[in-house]
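Given next are the chains, with one letter for each unit.
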Number of protein chains: 2
Amino acid sequence: MTTYVQAFSQGNAKMKELLGGKGANLAEMTRIGLPVPPGFTITTQACLYYAAHGVHPQGLDEQVHAALSALETQTGKQLGHKALPLLVSVRSGAAVSMPGMMDTVLNLGLNDDTVQAHAAATQNPRFAWDCYRRLIQMFSNVVLQLPMHEFEKALNRRKAACGAQTDPQIPTDVMQQLVNDYKQLVLELSGKPFPQDPRAQLDEAVRAVFASWNNPRAVVYRRLHKISDSLGTAVNIQAMAFGNMGDDCATGVAFTRDPNSGEKMFYGEYLLNAQGEDVVAGIRTPRPIIELKEELPQAYDQLFRTCELLEAHYGDMQDIEFTIERGHLYMLQCRVGKRTAQAAIRIAVDLVAEGKIDQTQALLRVEPSQIETLLHRRIDPKAKVDVVATGLPASPGAACGAVCFDPDEAEKRHERGEKVLLIRHETTPDDIHGMVASEGVLTTRGGMTCHAAIVARGMGKPCIVGCSEIVIDEENQLLRAGDRIVRAGDIVSIDGGTGRLIMGQVPLIEAQLSKEVQTLLQWADAAKVLGVRANADTPADAQRARDFGAQGIGLCRTEHMFGQGGHHPERMAVVQQMILAETLEDRLVALAALQPMQELDFRGILLAMAPYPVTIRLLDPPLHEFLPGVLELSTDVARAEALGQPHEEKLRLLRKVKALAETNPMLGFRGVRLGVIYPEIYEMQVRAIFAAGSELFAQGIDIHPEIMIPLVGHVRELKLMRDMIARIHEEMQPKFSYLVGTMIEVPRAALTAADIAGEAEFFSFGTNDLTQTTYGYSRDDAESRFLSQYVADKVLPENPFVTLDRDGVGKLVRMATVDGRYARPGLKVGICGEHGGDPASIAFCHEIGLSYVSCSPFRVPIARLAAAQAALAAQGQKATASAV
Amino acid sequence: MTTYVQAFSQGNAKMKELLGGKGANLAEMTRIGLPVPPGFTITTQACLYYAAHGVHPQGLDEQVHAALSALETQTGKQLGHKALPLLVSVRSGAAVSMPGMMDTVLNLGLNDDTVQAHAAATQNPRFAWDCYRRLIQMFSNVVLQLPMHEFEKALNRRKAACGAQTDPQIPTDVMQQLVNDYKQLVLELSGKPFPQDPRAQLDEAVRAVFASWNNPRAVVYRRLHKISDSLGTAVNIQAMAFGNMGDDCATGVAFTRDPNSGEKMFYGEYLLNAQGEDVVAGIRTPRPIIELKEELPQAYDQLFRTCELLEAHYGDMQDIEFTIERGHLYMLQCRVGKRTAQAAIRIAVDLVAEGKIDQTQALLRVEPSQIETLLHRRIDPKAKVDVVATGLPASPGAACGAVCFDPDEAEKRHERGEKVLLIRHETTPDDIHGMVASEGVLTTRGGMTCHAAIVARGMGKPCIVGCSEIVIDEENQLLRAGDRIVRAGDIVSIDGGTGRLIMGQVPLIEAQLSKEVQTLLQWADAAKVLGVRANADTPADAQRARDFGAQGIGLCRTEHMFGQGGHHPERMAVVQQMILAETLEDRLVALAALQPMQELDFRGILLAMAPYPVTIRLLDPPLHEFLPGVLELSTDVARAEALGQPHEEKLRLLRKVKALAETNPMLGFRGVRLGVIYPEIYEMQVRAIFAAGSELFAQGIDIHPEIMIPLVGHVRELKLMRDMIARIHEEMQPKFSYLVGTMIEVPRAALTAADIAGEAEFFSFGTNDLTQTTYGYSRDDAESRFLSQYVADKVLPENPFVTLDRDGVGKLVRMATVDGRYARPGLKVGICGEHGGDPASIAFCHEIGLSYVSCSPFRVPIARLAAAQAALAAQGQKATASAV
């Protein structure tokens, strides 16, 4: 018989998969003797069985019954007992934290009878009725999924009637009336009375937890965070501890270090005379944990020591939940605390300094994507800013965008390409799509641990919470801050690092890497095997890449030097002249004008990167990309024609543009195909490289150019270019050494890598194009047509343009690497697609033994860390990233 | 020391590679005792050495000297001897026949001294001077490459001055003067005197043969006929036999069977008192070989018997050259004779009937491409035709086109998409490009063995030669036939099977397969292992495919049923309505209207092909292909806008079309991607298949539909479609059995074939798209931009859209087949790209064990033969195709 239920005393922290994170940690705390209210966990296996079959597995009900009996014995109470009723909490808890799921039902076990017993036993009738009121409300919300605003309305009606400002002011009799209101609401809204049988309450709550695994919010959350659907959730049933029995009671959350900065300090919030959800919900504003020291000094001391012990035990910053019942501390949860990227790195580095972990552990603690967060922009400190309001700095970074009060609207505008900032009273899991669509989030309510703060930190988006200076007027679609008004659609800026809401668009600057990051990345460099280069087309980019730690350029695109993408507009005319040339002579004239410009480019970039290698890709895009579009010209001509205006010149240009236009430019006349048909273009570029290189070499600069021929599909193409380069070498006699290699970006090149390696001194996988051709996806079209939906519906496990597709594209990359090195031992092999900056793809590159990855300068630090983690993982170390 | 020279008596027919075809056959004839003038061959190895190094290999000169000495001993004459001069012919001869190369120099050894001795020895001064005149002319042409028209002019001047109508009428003294004219011309045009030293003549001639291997004509010819550049040519040096010593002399060519019809008859032409080149050049019109029986009966008998012996010896129809010198027969060449496709098949089948070869040999004798020739159109026998003139029927088939007198012009017009017929006095290797560009060729001169006839037969183009009724007036760009005038650009028709030139465009009908072809293809079916199916979209196509022997449909494209390509214009409106539907409901309405139409289609095609399988591909092209183009609509709108005309409706359509337009439609939203995003479209098609199939099945028709999902790249796509089909199966409960499989047409599908085979009951390689994606070539663009030049310059060995690229695309096909069958043993695997009808690609499909090939109905017979040849080749039989 499978064991589906385990008492806390039977488990430990390593059993997360079976018991969920919450259950495993409750067991661990129990095991090491911390004060945990007794309870038991229904395993994730039971959930998975239920998800697959729609019924409980055989034996589950009996096991729950037995565990409950044991719990009753241990507590001396009984579920539903009319004198000594056992009350329990029911909480979901998957192996990884999932805020999108059904969370908690407290006070379960109360009914019209037991509430009386509870009142008698605690000698506190108001407390008992408040518990019952809370049970019905939470049960209605998370189990029955009834609309909460009806309950809020009922509560507010009663408060108004009795003149109460806050919940604690509600007298006992009104609380009793409210319970009746709530029961009536349950009957009306669900068509069934609130279950009076505590066992039925428990069964329904367990079923609801099971079902919550596949509720839409949870599914979306898993998709967003790449969490497997096959984990399932556990259910924790635990005797209640009450933080709301009076002013010697409290409940709160705490972190062993500051989760924003990473600073070593005891950090947290609590509320006196409250239950846990009051803190998280952000309804009452909680107080800093340090104040607890004065209010309940003994309990505070116990809490502080317990937290120290937990951090030492787990070797990482802990996020804990506690309740103090009449002066007694109870630990309700502990887990590795979520933290900002900055904090993650600081904590990891500090823990090494404190001797608590080693460098390898530190490297595995930080998610590479967290490094990216640190590279987010911040507001230029020299800028004058017009601060409208200030709230809590919940997630660092700065952002600008149009004010938007509605998550659906935010999503719509985002889809139209607008930048928006979402401003809400508070956020719920239902708002996630709006947060995804926004540049940043601001809420008027809540503390540093409220939903908006946690989710925004997870997403690496700037966030301000608890900005109570602001009043939102949804009806009129505006907000007021004092006498100032900001309307929906107005552009504002937020600074998640300081909590400031600022009018207008402010100048942003890129972040620099902190001392701790530098330290961590130095450790990463020592641990990694892969080289990390950058894709850079200008000396400025090259310099930035070096600043971020790149050791070479893996892709220098010469088309930008030809004026593409708005670079060098003055060169565009010469390039067009070259393209439109009717004869070789005319083309050579234009190319002669371009050559000194190219020399200048190459001199600058080789100098900026010396003594590291620079891979220069010869011209790649189809020539028509440098000309006006067919559609634009055609409509111009049609219009002029209709109006009888002269249009000879345009018509001539249109004919040429049409002659160059292609049905599928991605598969068109570009790359080495240009080099073969118009060898004079590549010849000019090679001459420019040799001339620029020779000049630098003569000055004693240690340069290492690598000439890269793009889009080779057949070895003969490469051979022709090699011969051409050899001929120019013969003629110009450059003294420096250089390599000639190719991009592998069509499947045929990968399939015939052994042949191609005969002519190539290096390979560089252009995995963007290789993904396009291997899948037969046009990146320009696929995402908007079907690919986004494919990823959303899990037709594909990942977007293959983001994370390298190991089974398809990766198979080609592996084959080509093996075959290429078989033909030419020691062949240098790199990757220069966007995958070069994606941690999962970098791990693959390490596994198959590539020489280096190359990515955009901003992703270089990420790549350095990811490369180190890949190397450490390969050494058998297990990644236990801290903030997942 | 390498042997570079071999006497005829030392070689045999199997040494073609070393001795060339001509040399090997001269050796073979010598070996079996036929009357061959003695001589020796310089091997192809010497030529290749010369081509690589520009000088003779060591030892060659000595070996030539020794062989010459032996020849002098054997003949009792000496090269350059003033009393008994040895005269020789020098002929090139590669392993495969190459009309584009330097061919022959006759009478080598004559100079101002030896001509006297030759006159004295033969007691025929006119003959001797004529030989000398010919030597200088041929030497100037093929060795010195001087312009021949200057020599023609000199000849015509002398003839006019002495009143001679024909060459034989030129008296001896005028011939002497002509020799002086010629020597003067050589001096003027080449800057050097005609070489008087016979040994120097020989050296220069040998060098010229060597150099001719790489002359532009030869290079073009090899490219056209896919002949390797690394064969080299041999040089044959042979004692002269004279057909021009008087009326007891003759020279001619003969075939052991009619090379046009294949009929068993002695077939050939000869000229009395002539040298070989007179026959081939087409200057004098030669006489049918049968007349030689009366003129030189003894020699004729010997010739006839020798030919019979040769055909029996070689087991194939022979093409021979002979000379009769004073009644003695000399064999100058024999080779397997070129023949029309019709003749090739008839001869092969007849030889089996005569017991001379077996069926396997017969199958290997016919080039699959020759079958194609037989499928060329002919003139509808019921049509009334206006015959302008009649010439010799040199190559069968009929064609229509615009009259064109110039090969360059023909090429230009062809490139503009026009159909042209090339009409010339005669053709030379310089005209090949014009012949390639033309639908057919007509010459006013020459016999059945002239250049135009041979080349046109090789190309499978209709050809008429010797149409002497016609007078071409190049200056006025017209031709006259009696009192009729046909101008350049007029449309005419030719019938290469009857020799008729016909005014205007005549109705053409497709050929049917002759009895012999049917016989050969039945043998092929027995020998082949591969199945042969057809790509057919309509019942009519399906019927044609069956007539040609297809056993199933490998690709039935449903887009044509959706109105694409001008089929079913009435359906287009419904299809557009379906595409432009804003809601699922609207789309379902349109699909409901389409379903009965699809049912009708499927019923027809399943019925036409029963009991063979029909692979139905669900909708493949991107939806925008069914709508007007963006460019067309944009210019319409711009025009209307400029003129202030209403254009709301167009603008609305334009917006939708723009929304659907794609940058790279080839890699776009098509195939299964449509099926996943709009499942209702594929659902409708599946319902139509089940409905149509059920109706036929109820009537007792044995149907085997195979539902094919296109463009699958990830197994999940296929899984979703399988699930959908299973759901509809559950609902409709069709009683007949069917398969569900996929096209493999993107590299990822091939790379993950093992996964995909888990969901696919068959694979069909769409090698057109697979070639596009594997190479990264857009077929719509590549050929005109760079691919044609790539093939011409041998950057690629073949056009990969014509012949499957074994190293790249083929590697994927092989991998996918192996992996797919590993995952699903016995998986049915076919190919349905255009390669399915290409013999070289079919051979590959056989080698890797595919189940079938599928091609257009017209290529089915070709595929049947190619499949048989592949199977026989695999059995270790060597292909000795007869007509190469």
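See the structure above.
Just so it is clear, the structure is predicted and the values come from calculations on it, not from any experiment.

## Overview of the overall build of chain A
- Per the secondary structure count, chain A includes 34 helices and 31 strands.
- Once the C-alpha set of chain A is aligned to its principal axes, its extents read approximately 105 × 65 × 55 Å.
- The buried share of chain A, reckoned over its 884 residues, is 58%.
- Looking at chain A alone, contacts between residues at least 24 apart form 69% of all its contacts between residues at least 6 apart.
- In chain A, the 88 positive side-chain charges and the 106 negative ones have mean positions that sit 2 Å from each other.

## Here we look at the nonpolar core
- Formed by 274 residues in total, the largest nonpolar core has its most connected members in A:Ile709, A:Tyr790, B:Ile709 and B:Tyr790.
- Leaving out residues up to four positions away in the same chain, A:Tyr790 has contacts with A:Tyr777, A:Val795, A:Leu796, B:Val672, B:Arg673, B:Val676, B:Ile677 and B:Glu717.
- Among the nonpolar cores identified, the runner-up in size contains 85 residues, and A:Val90, A:Cys131, A:Val143 and A:Met435 belong to it.

## Looking at the sheet that holds strand E3 (residues 88–94) of chain B
All names here are of chain B.
- Strand order in the open sheet formed by five strands is E1-E2-E5-E3-E4, with antiparallel pairing between adjacent strands. Across the chains shown, the open sheet's two edge strands, defined by having one partner strand only, are strand E1 (5–7) and strand E4 (104–108). Each neighbouring strand pair of the sheet contributes to a mean axis angle of 20 degrees, computed without reference to strand direction.
- Bridge count for E3 against E4 is three bridges, and the pairing is antiparallel.

## Here we look at helix H23 (residues 630–642) of chain A
- Under the 1.5 Å per step criterion, the end-to-end length of H23(A) is 18 Å for 13 residues, consistent within 8% with the ideal 18 Å.
- Looking at the buried residues of H23(A), the elements they touch are helix H24 (648–660) of chain A together with helix H23 (630–642) of chain B.
- In the stretch just after H23(A), A:Gly644 is the one whose phi turns positive, near 70 degrees.

## Some details on the pattern of salt bridges
- If you walk through the whole model with that rule in mind, you get 106 salt bridges over all chains.
- Notably, a salt bridge pairs A:Arg687 with A:Glu731, separated by 2.5 Å at the nearest N-O pair. In this pair, A:Arg687 is assigned in helix H26 (residues 679–698) and A:Glu731 in helix H27 (residues 715–732), connecting sequence segments 44 residues apart.
- Linking B:Lys356 and B:Glu311 is a salt bridge whose minimum nitrogen-to-oxygen distance equals 3.6 Å. With B:Lys356 in the loop between helix H13 (341–353) and helix H14 (359–365) and B:Glu311 in helix H12 (residues 297–314), the pair connects residues that are 45 residues apart, well separated along the chain.

## Structural notes on the side chain of A:Lys528
Residue and element names in this part refer to chain A.
- Of note, Lys528 is situated in the loop between helix H19 (515–527) and strand E24 (531–535).
- At 3.2 Å, the side chain of Lys528 forms a polar contact with the backbone oxygen of Leu530.
- Residues contacting Lys528, with those up to four places away along its chain left out, are Gln551, Arg864, Ala867, Ala868 and Ala871.

## Some points on the relation of the copies chain B and chain A
- Overlay of chain B on chain A (RMSD 0.2 Å): rotation 180 degrees, translation along the axis 0.0 Å. What the superposition gives is, in effect, a two-fold axis relating one chain to the other.
- When the interface residues of chain B are mapped onto chain A, 100% of them again fall at the interface, so both copies present the same face.

## Observations concerning the interface of chain B and chain A
- Across the boundary between the two partners, chain B contributes 59 residues, which contact 59 residues of chain A.
- For the pair chain B and chain A, the summed buried surface comes to about 5000 Å²; carbon and sulfur atoms form 59% of the total.
- Of all residues in chain B, B:Leu667, B:Arg748 and B:Arg785 give up the largest surface area on contact with chain A, accounting jointly for 13% of the area buried on that side.
- At the junction of chain B and chain A, the tally comes to four salt bridges.
- Here B:Lys811 makes a salt bridge to A:Asp819, at a shortest N to O gap of 3.8 Å.
- Joining chain B to chain A, the criterion identifies 26 residue pairs in polar contact (both at pLDDT 80 or more).
- Of all the secondary-structure elements, those providing two or more residues to the side of chain B that touches chain A are H23, helix H24 (648–660), helix H25 (672–677), helix H27 (715–732), helix H28 (747–751), helix H30 (767–775), helix H31 (779–792) and helix H32 (809–823) of chain B.
- For the side of chain B that touches chain A, the leading source of residues is H23(B), giving eight residues.
- Broken down by class, the residue content of the side of chain B that touches chain A amounts to 28 nonpolar, 14 polar and 17 charged.

## A closer look at the sheet that holds strand E16 (residues 440–443) of chain B
Residue and element names in this part refer to chain B.
- Spatial strand order, E12-E22-E21-E14-E15-E16-E17-E13: eight strands in an open sheet with mixed pairing. Sheet topology places strand E12 (387–390) and strand E13 (392–395) at the edges, where each strand pairs with a single neighbour. Between one strand and the next, the sheet's axes are offset by a mean angle of 30 degrees, whatever the strand orientation.
- Here E16 pairs with strand E17 (residues 463–465) via two bridges, running parallel. Within the sheet, the bridge partner assigned to Leu442 lies in E17 and is Ile464.
- Contacts from helix H16 (residues 407–415) reach strand E14 (398–404) and strand E15 (420–424) within the one sheet, and its direction differs from that of E15 by about 180 degrees.

Criteria and cut-off values
- Residues numbered from 1 in each chain as written.
- Chains lettered and ligands numbered in written order.
- Predicted model: local features only at pLDDT ≥ 70, side-chain atom pairs only at ≥ 80, totals over all residues.
- Heavy atoms only, no water.
- Helix = DSSP H or I, 4+ residues; strand = E, 2+ residues; numbered from the N terminus.
- Buried < 20%, exposed > 50% of the residue type's maximum accessible area, 1.4 Å probe, protein only.
- Contact = heavy atoms within 4.5 Å.
- Lys, Arg positive; Asp, Glu negative; His and termini not counted.
- Charge placed at Lys NZ, Arg CZ, Asp CG, Glu CD.
- Core = buried A, V, L, I, M, F, W, Y, C linked by side-chain atoms within 4.5 Å.
- Pairing = 2+ DSSP bridges.
- Axes fitted to C-alpha atoms, helices over the stretch in contact; angles between N-to-C directions.
- Expected span 1.5 Å × (residues − 1).
- Salt bridge = Lys/Arg side-chain N within 4 Å of Asp/Glu carboxyl O.
- Polar contact = N/O pair within 3.5 Å; in protein donor to acceptor, adjacent residues only side chain to side chain.
- Least-squares fit on C-alpha atoms with pLDDT ≥ 70 in both.
- Buried area = accessible area lost by both parts, 1.4 Å probe.
- Nonpolar A, V, L, I, M, F, W, Y, C, P; charged D, E, K, R; others polar.

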